[in-house]
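Per-entry structural report
Okay, here's what each chain looks like letter by letter:
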Amino acid sequence: MRRPLIAGNWKMYKTHLEAMTLVQQLAHELAGHDFERVEVAVCPPFTSLRTIQTLIDSDRYEFGLGAQNMHVDKEGAFTGEVSPSMLKALDVDYVILGHSERRELFGETDEGVNAKVRAAFATEMTPIMCVGETESEREAGETEPKVERQVKAGLAGLKPDAVRKIVIAYEPIWAIGTGKTATPQDAQGTISFIRRLLGSDFGAEVAGDTRILYGGSVKAGNAASLLGQADIDGALVGGASLDGGEFAAIVKAAK
Ligand code: PGA
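Residues numbered from 1 in each chain as written. Predicted model: local features only at pLDDT ≥ 70, side-chain atom pairs only at ≥ 80, totals over all residues. Heavy atoms only, no water.

Observations regarding the sheet that holds strand β6 (residues 167-170)
In space, the eight strands of this closed barrel follow the order β1-β2-β3-β4-β5-β6-β7-β8, with parallel pairing throughout. Pairwise comparison of adjacent strand axes, ignoring direction, gives a mean angle of 25° for this sheet. Relative to strand β4 (residues 94-97), strand β3 (residues 64-67) runs parallel, the two sharing two bridges. From the neighbouring strand, Ala-67 faces β4, where its bridge partner is Val-95. (Pairing = 2+ DSSP bridges. Helix = DSSP H or I, 4+ residues; strand = E, 2+ residues; numbered from the N terminus. Axes fitted to C-alpha atoms, helices over the stretch in contact; angles between N-to-C directions.)

Here is the structure:
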């Protein structure tokens, strides 16, 4: 059984003070929620990780904690970067890797994402590896080949046991922050394609265990139909995760 995961990608929003308020509001909205049934994670900017970790510890919140990126090396002369072990020391559980904004705006490559995925596992954190096609790739019928390339390259060299633990987020780029969502059927189609890929490369059991999320303009109003699809194991939520009430409603829509 794959436990659904709803993860909030806060991107470059919220100071650490605003982040505290949002997490407290979210905890209030989700009082009584069964976190064993549907897992919830928040992925604030680096500057808020320590604050949120302290809040999770002191108030015994059951949220998972995620970062949005990291450097691949343990340490070094890399001005402005943050290492895997620095995140691990903050009890970070998840790290979003290869988000399309990182790929498009910061030049991240499939090979670089693969190196970071391995570094995350080496540091005992779970990667949330993002893949997805642009609008023109979709129109040219290239969704599957693009996603296949990204998945294969991102997972290169991993053992089946690691693949079983990774979280993959399928995020069509044209749906991110645009208000346009893939139809539940289209999202299900691409995600089941990814699962078949995992099956042929790593075996049916691994494919049956790996969680694959959908991301791209997920809101309270469309969450239930997306999350109701057989292969969609949760959501990576951007804009709607910045509002405690809206994000909590998405969590409650997950079955
Ligand atoms: P969105 O972002 O929900 O605002 O479309 C999703 C993401 O970028 O992960």
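What to know about the site of the ligand
Inspection of the region around the ligand gives 13 residues, with Lys-11, His-99, Glu-171, Gly-177 and Ser-217 positioned closest. In this structure, an oxygen atom belonging to the ligand sits 2.8 Å away from a side-chain N or O atom of Lys-11. Glu-171 places a side-chain nitrogen or oxygen 2.6 Å from an oxygen atom of the ligand. Protein coverage of the free-state accessible area of the ligand, which is 280 Å², stands at 97%. Structurally, the ligand is housed in the second largest pocket. In terms of residue class, the shell around the ligand is made up of four nonpolar, seven polar and two charged. (Near = heavy atom within 4 Å. Polar contact = N/O pair within 3.5 Å; in protein donor to acceptor, adjacent residues only side chain to side chain. Areas by Shrake-Rupley, 256 points an atom, 1.4 Å probe, with all protein chains shown as cover. 1 Å grid on protein atoms, 1.4 Å probe; cavity = no way out; pocket = protein on both sides within 12 Å on 5 of 7 lines; lining within 4 Å. Sits in = over half its atoms within 2 Å of the grid points. Nonpolar A, V, L, I, M, F, W, Y, C, P; charged D, E, K, R; others polar.)

Re the environment of Glu-124
In this fold, Glu-124 is placed in the loop between α5 (110-122) and β5 (126-131). On the accessibility criterion, Glu-124 (63% relative accessible area) is exposed. Expressed as a C-alpha distance, the spacing of Glu-124 and Ser-217, which sit 93 residues apart in the sequence, is 30 Å. (Buried < 20%, exposed > 50% of the residue type's maximum accessible area, 1.4 Å probe, protein only.)

Concerning the packing of helix α11 (residues 220-227) against helix α12 (residues 244-253)
The geometry of α11 relative to α12 is characterised by a closest axis approach of 8 Å and an angle of 20° between their N-to-C directions. In terms of orientation, α11 and α12 fall into the roughly parallel class. As α11 runs across α12, the sense of the crossing is right-handed. Contact residues: α11 offers Ala-220, Ala-223, Ala-224 and Leu-227, while α12 offers Glu-246, Ala-249, Ile-250 and Ala-253. Here the contact of α11 with α12 is built from residues that sort into seven nonpolar, no polar and one charged. (Parallel < 35°, antiparallel > 145°, perpendicular 65-115°, else oblique. Left-handed = near helix turned anticlockwise from the far one by under 90°. Contact = heavy atoms within 4.5 Å.)

Overview of the nonpolar core
Ile-6, Phe-63, Leu-87, Leu-155, Leu-198 and Tyr-214 are the most contacted members of the largest nonpolar core, which has 72 residues in total. A per-element tally of this core places helix α9 (residues 184-202) first, with seven residues. Discounting residues that sit within four places of it in the chain, Tyr-214 has contacts with Tyr-170, Pro-172, Ala-175, Thr-181, Ala-182, Ala-187, Ile-191, Leu-226, Ile-232, Gly-234, Ala-235 and Leu-236. In terms of nonpolar packing, the next biggest core, distinct from the first, is built from twelve residues, Ile-96, Val-167, Ala-169 and Leu-213 among them. (Core = buried A, V, L, I, M, F, W, Y, C linked by side-chain atoms within 4.5 Å.)

A few points about unusual backbone geometry
Positive phi, close to 50°, is recorded for Lys-11, a residue that is not glycine. You can see Lys-11 is positioned in the loop between β1 (5-9) and α1 (16-29). At Lys-14, a position not held by glycine, the phi torsion is positive, near 80°. Tracing the sequence through the fold places Lys-14 in the loop between β1 and α1. Relative accessible area serves as the criterion here: at 29%, Lys-14 is assigned to the partly exposed category.

With respect to the pattern of salt bridges
Proximity of charged atoms lets side chains of opposite charge pair with each other. Applying the stated criterion across every chain, the model contains 17 salt bridges. Glu-39 serves as the salt-bridge partner of Arg-211, at 2.9 Å between the closest nitrogen and oxygen. Residue Arg-211 is found in strand β7 (residues 211-215), and its partner Glu-39 is found in strand β2 (residues 39-43); the two are separated by 172 residues along the sequence. Since its relative accessible area comes to 11%, Glu-39 is described here as buried. Put simply, Glu-133 and Arg-138 hold a salt bridge, and the shortest N to O gap is 2.8 Å. One salt-bridge network, in which partners are shared between bridges, spans Arg-2, Arg-195, Asp-231 and Asp-233. (Salt bridge = Lys/Arg side-chain N within 4 Å of Asp/Glu carboxyl O.)

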